[in-house]
Amino acid sequence: MAEEITPQIFRHLVELAALELDESEADYLRRELNSQLKAIRELEAIEVAAEVPITSHGVPYTEATSPGLRPDQPEPSTHAEAILAQAPERDGRYIVVPDIPHTELG
Amino acid sequence: MTSALNDLPAHELVRRLRAGETTASAILESTLTRIRQVDGRRPTTVPSPPEAEDATHIHAFITITEERARRQARAVDDALAAGREVGPLAGVPLAVKDIFCVEGTPSTAGSRILESFVAPYSATPVERLEAAGAVTIGKVNLDEFTFGSSNESSAFQPAPRNPWDLACVPGGSSGASAAAVAAGEAVLSLGTDTAGSIRQPAAFCGVVGLKPTYGRVSRYGLIAFASSLDCPGPVTRDVTDAALMLRVMAGPDRHDATAAAVSVPDYTAGLDQGVRGLRIGLSPDYFRLKYPNPTTGELDEQPIDPEVEAAVRQAAGALAEAGAEIVEGVSMPNTRFGIPAYFVVSRVEAASNLHRYDGVKYGLRFEGPVGDLRELYRKSRARGFGLQPKLRILMGMYVSAEQYEKGYYQRALRVRTLIRRDFETAFDPSGPYRLDCLLTATTPTTAFEMGALYGDSVLMQYADLLTVPADHAGVPGISLPAGLDHRRRPIGLQLLGPDFSEACLLRIGRSFEMATQDAAWRQARPRVLDV
């Protein structure tokens, strides 16, 4: 089987995905990705004419079936405190995070 | 184990309740008793050695909200005692797949990363079911973030088992939903279907599972996997209950702009009208397909399991006898591309939806020292996600990367159009087939054994081979019990119809139930109840 996702590409994907993997996880995941790609290559076997449009969801939404836009009125959430209470670390109504990576501009 | 109130369908329970023959509290207690008998220890994320009793219990529930359920049941009983009107699901025990938010309860998605998350509000379908009087017993297990077809990938172990054969998986991802309903641990369950996650476990566990049309039921409060495919829907013991439940859940919702503005009919009204004059199609493309050979693991063109095929053909015979016209040879040539296209589309959407889990706003956060925010993201996600979410995120990243996007993602979305066109042609009233529905098997095989596929992400995905085309196309589908194979594992058949044709599918399903009501397999009970 042609290996499409090389260790180098894989490392880049892990970085994009904001993950960290130990060696055995990485081996398993890269193997599975390549075996999924083999299945995905089935798609190359069919003629897809250039004029075939994409379908981003199956059922078309017409004017009649699309819900109308709601009036543009602010509605205060009644759940704000319950939602904030889920944050692992907070300071009043702020959520606390470690240093945000940044570059000092000269 | 003797049959009890919790083994009755919802419509019968509501009838008895209204007639004063029973109470919501009695129904609830009988359900809780059954759970104590068959469910075993609660699944947890803490690794522990397997125990002997694990193999003889179902392990459906992650959370049981007993006190909340008792309050709901008492409210129904108080309303009845005061002579007030109660809802169409009054007192009916409901198990909610743990991918929906239920206010004040842990809502985990079967993942470590959401283990500590307590939902601040309830999902719209849950809210509507509870408003109709349903009594929420608790939250049931699933594949992590719904990523699987066996329930083995949940971070909460021991994994659920199939009540008909405890060595087998219940299917997935709504596996514990189907298992709980089959074993009398709940009368109804709320599931979701993205590639077959309602219909495949319903088939494996011998219950009814309905995937509504995309947009028929609101997704507000559903933890998202693939937003262009996810559909909440009912898992029930019979067709009438599915009709009752869908009627309560369906319809527009101001919180979900994809919930279609299409009126909701009374799905129970026409159930007994029969099938005379309806055109039901059989497609060779659903009987013989390319999928991984169970022995060699290679992708081979092969027929579906002969016992499953025989059950579908028998069902066609029964429906023909009831007056339907069977149309053979319906061409659905793009069926076989459903899984390859799904590997691309669903992964891109999953990667996008899973980016919100970052250890900052809610859920698991890495507690050790970190240098900066990015390291916090990486360490939290590495510990919070299991292997299957990681795999889906990575594949989503790959096929949507700029240099591959056209070859993979764009192409998959065009193939999706071709799959949709197969259905449009089949159902076109002035087309060659003019079908009211297509009749297929729900799954190429009956339930497989635990451990047989888990770990092989390609073989596992192909369990959804016959169900995923309807998700791509957005059309509704229902899986119905259609017999047992020689190992007494349930066989499911599937009806697929045009957009918003749920009423017709339910009517055909009810007709099939009536035509087979005296069949020996209808009297069989899941083996877990044989003690």
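Look above for the structure.
Attention now moves to the overall build of chain B. Of the regular secondary structure elements, chain B holds 16 helices and 13 strands. Since a compact globule built from 531 residues should have a radius of gyration of about 24 Å, the 22 Å found for chain B is in line with a globular shape. Expressed along its principal axes, the backbone C-alpha trace of chain B runs to roughly 70 × 60 × 50 Å. When the 531 residues of chain B are sorted by exposure, 63% land in the buried category. Partitioning the intrachain contacts of chain B with sequence separation of at least 6 by distance along the chain shows that 75% fall at a separation of at least 24.

The next subject is the overall build of chain A. Along the backbone of chain A there are 3 helices and 2 strands. Scaling as 2.2 N^0.38, a compact globule of 106 residues should have a C-alpha radius of gyration of about 13 Å, whereas chain A reaches 23 Å, well beyond that. Expressed as a percentage of the 106 residues in chain A, the buried residues total 17%.

As a further point, take unusual backbone geometry. Note the cis peptide between Gln157(B) and Pro158(B), where omega equals 5°. Relative to the elements of secondary structure, Pro158(B) occurs in the loop between strand S3 (135-140) and helix H5 (175-182). For the bond running from Gly172(B) to Ser173(B), omega is 10°, close enough to zero to count as cis. Here Ala18(A), not a glycine, exhibits a phi torsion of approximately 55°, which is positive. Here Ala18(A) is to be found in the loop between helix H1 (7-16) and helix H2 (23-40). Using a count of 22 C-beta atoms within 10 Å as the deciding quantity, one classes Ala18(A) as buried.

Right, let's talk about the nonpolar core for a bit. Residues Leu89(B), Val92(B), Leu94(B) and Leu394(B) are the most contacted members of the largest nonpolar core, which totals 188 residues. A total of 9 residues in this core trace back to one element, the largest contributor, which is helix H9 (residues 338-353) of chain B. Apart from the residues lying within four places of it in its own chain, the contact partners of Leu394(B) are Leu13(A), Ala17(A), Leu29(A) and Leu33(A).

With that out of the way, let us pick up the pairing of strand S12 (residues 477-484) of chain B. Residues and elements named next belong to chain B. Of all 8 residues in S12, 8 are buried, a share of seventy percent or more. For strand S5 (residues 208-211) and S12, the ladder comprises 3 bridges, and the chain directions are antiparallel. Across the sheet, Lys211 pairs through a bridge with Gly477, a residue of S12. Here S12 runs beside strand S13 (residues 490-496); their pairing, made up of 6 bridges, is antiparallel.

Time to look at the interface of chain B and chain A. Quoted interface sizes are often the accessible area lost when the parts come together. Taken residue by residue, the interface counts 62 residues in chain B and 46 residues in chain A. Broken down by secondary-structure element, the contributors of at least two residues to the side of chain B that touches chain A are H9, helix H10 (373-384), helix H11 (387-399), helix H12 (406-427), helix H13 (457-461) and helix H14 (468-473) of chain B. Among the elements that line the side of chain B that touches chain A, the one with the most residues is H12(B), at 11 residues. In terms of residue class, the side of chain B that touches chain A is built from 39 nonpolar, 9 polar and 14 charged.

Below, the discussion takes up the packing of helix H7 (residues 239-249) of chain B against helix H15 (residues 502-515) of chain B. Residues and elements named next belong to chain B. Where H7 meets H15, the closest approach of the two axes is 9 Å, and the angle between their N-to-C directions is 160°. Classified by the interaxial angle, the pair formed by H7 and H15 is roughly antiparallel. By crossing handedness, the relation of H7 to H15 is classed as left-handed. Mapping the contact onto sequence places Val239, Thr240, Ala242, Ala243 and Leu246 in H7 and Glu502, Leu506, Gly509, Arg510 and Glu513 in H15.

All names here are of chain B. Ordered by their spatial adjacency, 11 strands build an open sheet running S1-S3-S2-S4-S6-S5-S12-S13-S11-S7-S10, and the pairing between neighbours is mixed. Because the sheet does not close on itself, it has two edges, and the strands there are strand S1 (61-64) and strand S10 (325-327). In this sheet, neighbouring strand axes are inclined to one another by 30° on average, regardless of whether the strands run parallel or antiparallel. Pairing between strand S11 (residues 437-441) and S13: 4 bridges, direction antiparallel. Across the sheet, the residue bridging to Leu439 is Leu495, located in S13. Its contacts with the sheet place H7 against strand S4 (188-193), S5, strand S6 (231-236) and S12, and it is angled at close to 145° to S6. Relative to S12, H15 is tilted by about 10°, and along the sheet it contacts S11, S12 and S13.

The rules we used
- Residues numbered from 1 in each chain as written.
- Chains lettered and ligands numbered in written order.
- Predicted model: local features only at pLDDT ≥ 70, side-chain atom pairs only at ≥ 80, totals over all residues.
- Helix = DSSP H or I, 4+ residues; strand = E, 2+ residues; numbered from the N terminus.
- Rg over C-alpha atoms; globule rule 2.2 N^0.38 Å.
- Buried ≥ 20, exposed ≤ 12 C-beta atoms within 10 Å, placed from the backbone.
- Contact = placed C-beta atoms within 7 Å.
- Core = buried A, V, L, I, M, F, W, Y, C linked by C-beta atoms within 7 Å.
- Pairing = 2+ DSSP bridges.
- Nonpolar A, V, L, I, M, F, W, Y, C, P; charged D, E, K, R; others polar.
- Axes fitted to C-alpha atoms, helices over the stretch in contact; angles between N-to-C directions.
- Parallel < 35°, antiparallel > 145°, perpendicular 65-115°, else oblique.
- Left-handed = near helix turned anticlockwise from the far one by under 90°.

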